[in-house]
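Residue-level structural notes
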Amino acid sequence: MQRTTIADYFCWNDQPLVMGVLRSVGVGAFVATSLLLLSALLFALIGSANMGALAGAKIFDSGWIATSVAAIIWAPIWETLIAQFIPVSLLMHLRVRLEIAVLISATVFAAGHVAYGGGIGQGIVTFSAGLLFATLFAANARHGLGRASLFTGTAHATNNALLIAVSFGLSI
């Protein structure tokens with residue numbers, strides 16, 4: 001009997017590219033909703049004073065356009081390269097188990113946010129997001145790193161767009 005993993009649900013190698021991108025938008029929306037719920041839970045459990053800062057919080061001072069460009073275009077490209085493409089593809093090349101590669105990738109993703117000024121709350125939240133983004137990347141990397149990067153970056157951009165919309169109170 002073949003074991004089914006969450007990665008199996010995220011692998012869209014049999015779908016046309018456009019369908020994979022659309023599914024990635026859905027994953028991004030799911031991640032954003034999950035992060036909002038996790039953040040609310042953390043606020044309730046540990047309080048806003050203990051959550052710590054938000055990574056790159058100063059970008060919000062630049063207004064919603066600059067914030068949107070940074071969070072929806074720049075961050076998904078850069079962070080997919082640094083936190084998913086490099087660690088997951090390298091570890092897969094070294095034949096490290098997929099679960100370990102995903103954990104390392106999520107740790108890199110969270111550590112980057114904490115190093116850029118995020119507090120413990122954002123570390124927990126971004127580790128959770130990193131698990132999903134790394135799983136999406138790893139599930140599709142076997143069928144092409146470009147395709148995996150596109151799907152992961154799209155999910156990340158969608159996640160960030162929804163979080164920016166909520167942060168600025170925009171209706172979408």
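Report on the accompanying structure. (Residues numbered from 1 in each chain as written. Predicted model: local features only at pLDDT ≥ 70, side-chain atom pairs only at ≥ 80, totals over all residues. Heavy atoms only, no water.)

Topic: the packing of helix H2 (residues 17-46) against helix H6 (residues 120-141)
Relative orientation of the contacting elements H2 and H6 amounts to 155°, with a least axis distance of 10 Å. With respect to H6, the element H2 is oriented roughly antiparallel. Classified by chirality, the crossing of H6 by H2 is right-handed. Where H2 approaches H6, its residues Val27, Phe30, Val31, Leu35, Leu38, Ser39 and Leu42 are matched on the opposing element by Gly121, Ile124, Val125, Ser128, Ala129, Leu132, Phe133 and Leu136. Class assignment of the residues belonging to the contact of H2 with H6 gives a composition of twelve nonpolar, three polar and no charged. (Axes fitted to C-alpha atoms, helices over the stretch in contact; angles between N-to-C directions. Helix = DSSP H or I, 4+ residues; strand = E, 2+ residues; numbered from the N terminus. Parallel < 35°, antiparallel > 145°, perpendicular 65-115°, else oblique. Left-handed = near helix turned anticlockwise from the far one by under 90°. Contact = heavy atoms within 4.5 Å. Nonpolar A, V, L, I, M, F, W, Y, C, P; charged D, E, K, R; others polar.)

As for the pattern of salt bridges
Two side chains with opposite charge may pair up if their charged atoms get near one another. Summed over all chains, the structure comprises one salt bridge. With a shortest N-O distance of 3.5 Å, Glu99 and Arg97 are connected by a salt bridge. With a relative accessible area of 34%, Glu99 lands in the partly exposed category. (Salt bridge = Lys/Arg side-chain N within 4 Å of Asp/Glu carboxyl O. Buried < 20%, exposed > 50% of the residue type's maximum accessible area, 1.4 Å probe, protein only.)

What about a nonpolar patch on the surface?
The grouping of Trp74, Trp78, Leu81, Ile82, Ile86, Ile100, Leu103, Ile104 and Val108 at the surface amounts to a nonpolar patch, some 780 Å² of accessible area in total. Contributions of two or more residues to the nonpolar patch are made by helix H4 (64-93) and helix H5 (98-115). Checked against the element boundaries, Leu81 lands in helix H4. Under the relative-accessibility criterion, Leu81 is labelled partly exposed at 36%. (Patch = residues over 30% accessible without salt bridge, like charges linked within 9 Å, V, L, I, M, F, W, Y side chains within 5 Å. Areas by Shrake-Rupley, 256 points an atom, 1.4 Å probe, with all protein chains shown as cover.)

Remarks on the packing of aromatic side chains
Tallying each qualifying case throughout the model produces three aromatic pairs. On the numbers, 5.9 Å between centres and 10° between planes, the contact of Trp74 with Trp78 is stacked. With Trp74 and Trp78 both in helix H4, this residue pair falls four residues apart, about one helical turn. According to the relative accessible area criterion, Trp74 is exposed, its value standing at 54%. For the ring pair Phe85 and Phe137, a centre distance of 6.1 Å and an interplane angle of 75° mean the geometry is edge-to-face. Residue Phe85 is located in helix H4, and its partner Phe137 is located in helix H6; the two are separated by 52 residues in the primary sequence. Judged by its relative accessible area of 0%, Phe137 is buried. (Phe/Tyr/Trp six-rings, centres within 6.5 Å; stacked < 30°, edge-to-face > 60°.)

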